[in-house]
Amino acid sequence: MTQQPHSRETTGPTAEAAAGAVPLRRRPEEDADVIVVGAGPAGSAVATHLARAGLDVLMLEKSTFPREKVCGDGLTPRGVKELIDLGVDTREEAGWLHNRGLRVVGGGVRMELAWPELASYPPYGVVRPRQDFDDMLARHAQAAGARLNQATTVVSAITDDRTGRVVGVRAKVGRERTEVSYRAPLTIACDGVSARLALSVGLEKRDDRPMGVAVRRYYTSPRTTDDYLESHLELWDRSDPANPRLLPGYGWLFGMGDGTVNAGLGILSTSKAYGRTDYRALMRSWLDGTPEEWGFREDNAVGKVGGAALPMGFNRVPHYRDGLLLVGDAGGMVNPFNGEGIAYAMQSAKLAADCVVHALSRPTPASREHALSRYPVALRQQLGGYYRLGNIFSKLIGNPVIMRTATKYGLPIETLMRLVLKLLAGLYDPKDGDAFDRMISAAVRMSPSA
Ligand SMILES: Cc1cc2nc3c(=O)[nH]c(=O)nc-3n(C[C@H](O)[C@H](O)[C@H](O)COP(=O)(O)OP(=O)(O)OC[C@H]3O[C@@H](n4cnc5c(N)ncnc54)[C@H](O)[C@@H]3O)c2cc1C
């Protein structure tokens with residue numbers, strides 16, 4: 001039986017008022033038009049887009065904001081574009097620390113590559129601690145009319161016995177862990193890499209797609225106001241001193257502008273060292289090799305080392321089935337080229353919202369399903385070929401010989417590195433771009449979707 005949700009923390013316009021001319025779609029026994037599980041960048045973005053279109057959206061989030069999320073806290077221009085699409089003011093005047101590009105360090109080279117000038121993306125990235133960023137995005141969704149229930153851990157999907165369709169979720173609420181059910185015509189899984197909701201209906205991850213693992217820590221550092229994101233492309237695993245290995249991954253130093261730097265590293269699953277490396281020790285030995293005056297030493301550390309997995313290259317599919325959509329990390333949306341996930345969480349959120357809005361405006365179940373089937377198709381059209389290339393790239397650089405050769409001969413060539421930046425960060429104009437953009441677009445078009 002459906003119980004009423006415990007705490008309806010509705011702020012901003014009521015759902016009914018936000019609905020405007022579009023009538024509510026849910027039946028009386030349902031709790032919302034759409035349930036969104038998880039209020040990270042994917043969940044808050046999809047909820048904002050849906051609420052703006054007049055739907056009654058209920059977000060269920062296991063933690064309580066503001067909360068920490070282990071991340072590098074860096075957004076490339078792709079992420080900034082998604083924020084702008086959400087109506088977030090990303091100007092420096094609004095308190096954002098802008099970055100102008102990527103500084104690449106490795107192979108004896110230190111090169112500053114400005115973000116490219118493009119029609120499709122702004123020429124700047126931003127950094128913001130996730131503790132603050134995710135809180136801001138969740139409030140943004142609430143201001144658009146979405147309801148947010150915090151301290152609500154979703155444990156499984158509720159499926160219709162007859163059709164197998166997802167018709168809601170079961171959750172445990174508050175400290176008492178009270179069991180509550182919520183029902184809606186559609187449910188969107190935005191619960192991150194744990195993907196508990198997708199797993200509850202048997203959607204396992206694909207092992208033929210790359211995974212990453214990343215760790216990070218904050219340090220008090222004079223480099224806090226750096227206006228370039230910095231990446232170190234040479235990560236050596238020296239656990240066997242006789243056989244040091246160059247790992248497929250990179251270390252990053254992102255100045256946070258608040259006196260600290262977010263320092264971390266990420267490694268791909270395609271190398272033999274994956275799963276056998278002590279990532280904290282690897283980070284320690286990399287940072288010990290940086291100049292003392294940068295401050296990346298134990299005395300200046302703020303908080304603990306945190307780590308998590310990065311689900312890449314569409315590693316959980318299908319992205320839509322039987323009333324359940326997967327968005328962001330829950331659908332394995334992290335870019336296999338560079339480990340960036342926030343932009344893709346918000347981009348997939350926008351696509352999902354568009355399909356849901358259209359589906360719920362249709363009169364018949366068959367017609368609704370037709371509209372929803374467009375979500376995985378749109379994802380493949382926008383990202384499938386690119387992720388396919390990224391999956392191949394991650395396999396190639398998992399081979400230490402290829403990784404070493406690329407670092408040694410590729411890094412010193414600035415023109416090549418400009419192309420590499422565009423490819424790895426997905427920063428190219430699909431139409432009407434320069435010669436590099438045309439090359440990347442052609443390669444993406446020729447790759448069958450991931
Ligand atoms: C160390 C590290 C560094 C990274 N650095 C970067 C970076 O610099 N830039 C970048 O773009 N990406 C980075 N990423 C990737 C990025 O963090 C993710 O891709 C991004 O957070 C995905 O957003 P999401 O909304 O899909 O999932 P999440 O951000 O994980 O959000 C999921 C939300 O769901 C909630 N939730 C989970 N389970 C449940 C449940 N059962 N019930 C209710 N709620 C639930 C969680 O509390 C959370 O709020 C990094 C990742 C790691 C691990």
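Residues numbered from 1 in each chain as written. Predicted model: local features only at pLDDT ≥ 70, side-chain atom pairs only at ≥ 80, totals over all residues. Heavy atoms only, no water.

Describing the sheet that holds strand 3 (residues 74-75)
Now for step 1: Across the sheet, three strands lie side by side as 3-7-4; this open sheet has antiparallel pairing. Two strands lie at the open edges of the sheet, namely strand 3 and strand 4 (97-99), each paired on one side alone.
Now for step 2: Note that strand 3 and strand 7 (residues 125-127) share two bridges and pair antiparallel. Within strand 7, the residue paired with Gly 74 across the bridge is Val 127. (Pairing = 2+ DSSP bridges. Helix = DSSP H or I, 4+ residues; strand = E, 2+ residues; numbered from the N terminus.)

A look at the pairing of strand 2 (residues 57-60)
Now for step 1: Along strand 2, one buried face is formed by Val 57 and Met 59 and the opposite face, lined by Leu 58 and Leu 60, is buried too.
Now for step 2: Bridge analysis of strand 1 (residues 34-37) against strand 2 gives four bridges, and the strand direction is parallel. When the bridges of strand 2 are listed, Val 36 appears paired with Met 59.
Now for step 3: Two strands pair when backbone bridges link them, and strand 2 and strand 8 (residues 147-149) are joined in this way by three bridges, in the parallel orientation. Across the sheet, the residue bridging to Met 59 is Leu 148, located in strand 8. (Buried < 20%, exposed > 50% of the residue type's maximum accessible area, 1.4 Å probe, protein only.)

Considerations on the domain arrangement of the protein chain
Now for step 1: Domains assigned within the protein chain are domain 1 (15-68 + 131-207 + 313-385) and domain 2 (211-311).
Now for step 2: On a C-alpha basis, the centroid separation for the pair domain 1 and domain 2 is 32 Å.
Now for step 3: Across the contact, 12 residues belong to domain 1 and seven residues belong to domain 2.
Now for step 4: Summed over both sides, the interface between domain 1 and domain 2 buries roughly 680 Å², with carbon and sulfur atoms accounting for 62% of that surface.
Now for step 5: Linking domain 1 with domain 2 are one salt bridge, by the criterion used here.
Now for step 6: Per-class residue counts for the side of domain 1 that touches domain 2 are four nonpolar, five polar and three charged. (Domains from an automatic or database assignment. Contact = heavy atoms within 4.5 Å. Buried area = accessible area lost by both parts, 1.4 Å probe. Salt bridge = Lys/Arg side-chain N within 4 Å of Asp/Glu carboxyl O. Nonpolar A, V, L, I, M, F, W, Y, C, P; charged D, E, K, R; others polar.)

Section: the nonpolar core
Now for step 1: Ranked by internal contacts, the top residues of the largest apolar core, which has 66 residues, are Val 46, Leu 50, Ile 188, Val 356 and Tyr 375.
Now for step 2: Broken down by element, this core gets its largest block of residues, 13 residues, from helix 7 (residues 342-360).
Now for step 3: In this structure, Val 104, Tyr 218, Leu 229 and Met 403 belong to the second largest nonpolar core, which totals 27 residues. (Core = buried A, V, L, I, M, F, W, Y, C linked by side-chain atoms within 4.5 Å.)

Quick notes on the environment of Arg 147
Now for step 1: For Arg 147, the position within the fold is in strand 8.
Now for step 2: Sequence separation of Arg 147 and Leu 60 is 87 residues, and the distance between their C-alpha atoms is 8.6 Å.
Now for step 3: Only 3.0 Å separates the side chain of Arg 147 from the side chain of Asp 56, close enough to count as a polar contact. (Polar contact = N/O pair within 3.5 Å; in protein donor to acceptor, adjacent residues only side chain to side chain.)

What to know about the site of the ligand
Now for step 1: For the ligand, the set of nearby residues contains 40 residues, the closest of which are Glu 61, Arg 67, Gly 72, Gly 74 and Asp 329.
Now for step 2: Side-chain polar atom of Glu 61 to an oxygen atom of the ligand: 2.6 Å apart, as the coordinates give it.
Now for step 3: Here the ligand loses 94% of its free accessible area of 1000 Å² to cover by the protein chains.
Now for step 4: At the level of secondary structure, the elements contributing two or more residues to the shell around the ligand comprise helix 2 (41-52), strand 9 (152-159), strand 13 (211-220), strand 17 (249-255), strand 19 (301-311) and helix 7.
Now for step 5: It is strand 9 that contributes the most residues to the shell around the ligand, three residues altogether.
Now for step 6: When grouped by side-chain class, the residues that make up the shell around the ligand number 18 nonpolar, 12 polar and 10 charged.
Now for step 7: Counting only domains with at least three residues in the shell around the ligand, you end up with domain 1 (15-68 + 131-207 + 313-385) and domain 2 (211-311). (Near = heavy atom within 4 Å. Areas by Shrake-Rupley, 256 points an atom, 1.4 Å probe, with all protein chains shown as cover.)

Examining the pairing of strand 6 (residues 109-114)
Side-chain positions along a regular strand alternate between the two faces of the sheet.
Now for step 1: Alternating positions in strand 6 separate cleanly, Val 109, Met 111 and Leu 113 being buried on one face and Arg 110, Glu 112 and Ala 114 remaining unburied on the opposite face.
Now for step 2: Here strand 5 (residues 101-106) runs beside strand 6; their pairing, made up of six bridges, is antiparallel. Residue pairing across strands places Val 105 opposite Arg 110, the latter belonging to strand 6.
Now for step 3: Turn length for the strand 5-strand 6 hairpin, with the two strands adjacent in sequence and antiparallel, is two residues, and the turn residue Gly 107 shows positive phi of about 55°.

Considering the UniProt feature "domain: FAD-binding" (unreviewed entry) in the protein chain
Now for step 1: UniProt tags residues 31-204 as "domain: FAD-binding" (unreviewed entry).
Now for step 2: Annotated as residues 31-204, this span is 23% helix and 33% strand, and its ends, taken at the C-alpha atoms, are 28 Å apart. (UniProt positions renumbered as here; feature names shortened; annotations may be inferred.)

As for the packing of aromatic side chains
Now for step 1: Within the structure shown, the criterion is met by 11 aromatic pairs.
Now for step 2: Chaining the aromatic ring pairs together yields one cluster made of Phe 314, Phe 337, Tyr 344, Tyr 386, Tyr 387, Phe 393 and Tyr 428.
Now for step 3: Its guanidinium or amino end placed over the ring of Trp 96, Arg 128 lies 4.4 Å from that ring's centre, counting from NZ or CZ.
Now for step 4: Sitting above the plane of the Trp 294 ring, Arg 223 keeps its charged end 4.2 Å from the centroid. (Phe/Tyr/Trp six-rings, centres within 6.5 Å; stacked < 30°, edge-to-face > 60°. Lys NZ or Arg CZ within 6 Å of the ring centre and 35° of its normal.)

Let's talk about the packing of helix 3 (residues 77-85) against helix 7
Now for step 1: Axis separation between helix 3 and helix 7 bottoms out at 8 Å; the angle between their running directions is 40°. Between helix 3 and helix 7, the angle falls in the class oblique. For the pair helix 3 and helix 7, the crossing hand works out as left-handed. Where helix 3 abuts helix 7, its residues Arg 78, Gly 79, Lys 81, Glu 82, Leu 83 and Asp 85 lie against Ala 343, Tyr 344, Met 346, Gln 347 and Lys 350. (Axes fitted to C-alpha atoms, helices over the stretch in contact; angles between N-to-C directions. Parallel < 35°, antiparallel > 145°, perpendicular 65-115°, else oblique. Left-handed = near helix turned anticlockwise from the far one by under 90°.)

Some words on the sheet that holds strand 9
The strands that make up a sheet pair up through hydrogen bonds in the backbone, lying either parallel or antiparallel.
Now for step 1: Strands sit in the order 9-10-11 across an open sheet of three strands; the sheet is antiparallel. With one partner strand each, in any of the chains shown, strand 9 and strand 11 (178-183) form the two edges of the open sheet. Taking each pair of neighbouring strands and ignoring which way they run, the sheet shows an average axis angle of 25°.
Now for step 2: Sheet analysis places strand 9 next to strand 10 (residues 166-173), joined by seven bridges and oriented antiparallel. Bridging across to strand 10, Ser 156 finds its partner in Arg 170.

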